[in-house]
Amino acid sequence: MDGMMWGAIISSVVLVAAGGLVWWLWGGCSLSLTGAVGTVVGGILSLVPLLVMADQDLALRTSFALTVLTVVWLLGWVLASGIRAQRLARENAAAAQAASGSRSPVPHA
């Protein structure tokens, strides 16, 4: 195995670890869990061509494509989770302000 193959294997393992880390850190959010599960599955699937295909060049290309799709998947779901968390925080701040009877506007930081 050459350096390109080891790089692809390491990137696949890093994807699985990133999915596990997202699961562990943001496990309460269903959007993050969807991203984490997809990342773990995508990381494992990106290892399959490296182990199964006889043509090393084709295996590397396939693994690279699966890795890129998995990274986009994770970033998309984590971004959606962050947007949802920001929206919930603003709703909670508005509800707290309404409960306290204050008339000052809610900052949109």
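Residues numbered from 1 in each chain as written. Predicted model: local features only at pLDDT ≥ 70, side-chain atom pairs only at ≥ 80, totals over all residues. Heavy atoms only, no water.

### So, the nonpolar core
Part 1 of the argument: Met5, Ala8, Ile9, Leu50, Ala59 and Leu60 together form the largest nonpolar core, which totals 6 residues.
Part 2 of the argument: Every element with two or more residues in this core is listed here: α1 (3–25) and α3 (56–100).
Part 3 of the argument: Top contributing element to this core by residue count: α1, with 3 residues.
Part 4 of the argument: Apart from residues no more than four positions distant in its own chain, leucine 60 is found in contact with Met4, Met5, Ala8 and Leu50. (Core = buried A, V, L, I, M, F, W, Y, C linked by side-chain atoms within 4.5 Å. Buried < 20%, exposed > 50% of the residue type's maximum accessible area, 1.4 Å probe, protein only. Helix = DSSP H or I, 4+ residues; strand = E, 2+ residues; numbered from the N terminus. Contact = heavy atoms within 4.5 Å.)

### Side note on α3
Part 1 of the argument: For α3, with 45 residues, the first-to-last C-alpha span of 65 Å sits near the 66 Å given by 1.5 Å per residue.
Part 2 of the argument: Listing the buried residues of α3 in full gives Ala59, Leu60, Ser63, Thr67, Thr70, Leu74, Ser81 and Gln97.
Part 3 of the argument: Check the buried side of α3 and you find it contacts α1 and α2 (30–52). (Expected span 1.5 Å × (residues − 1).)

### Examining the pattern of salt bridges
Part 1 of the argument: A full pass over the atoms with the stated rule returns 1 salt bridge.
Part 2 of the argument: Across the pair aspartate 57 and arginine 61 runs a salt bridge, and its minimum N-O distance is 3.2 Å. Of this pair, aspartate 57 and arginine 61 both sit in helix α3, 4 residues apart, which is roughly one turn of the helix.
Part 3 of the argument: With a relative accessible area of 42%, aspartate 57 lands in the partly exposed category.
Part 4 of the argument: Residue arginine 61 is classed as exposed on the basis of its relative accessible area of 56%. (Salt bridge = Lys/Arg side-chain N within 4 Å of Asp/Glu carboxyl O.)

### Topic: α2
Part 1 of the argument: With 23 residues, α2 extends 33 Å from end C-alpha to end C-alpha; this agrees with the ideal 33 Å at 1.5 Å per step.
Part 2 of the argument: Where α2 is concerned, the buried positions are Ser32, Gly35, Ala36, Thr39, Gly42, Gly43, Ser46, Pro49 and Leu50.
Part 3 of the argument: Here the buried face of α2 lies against α1 and α3.

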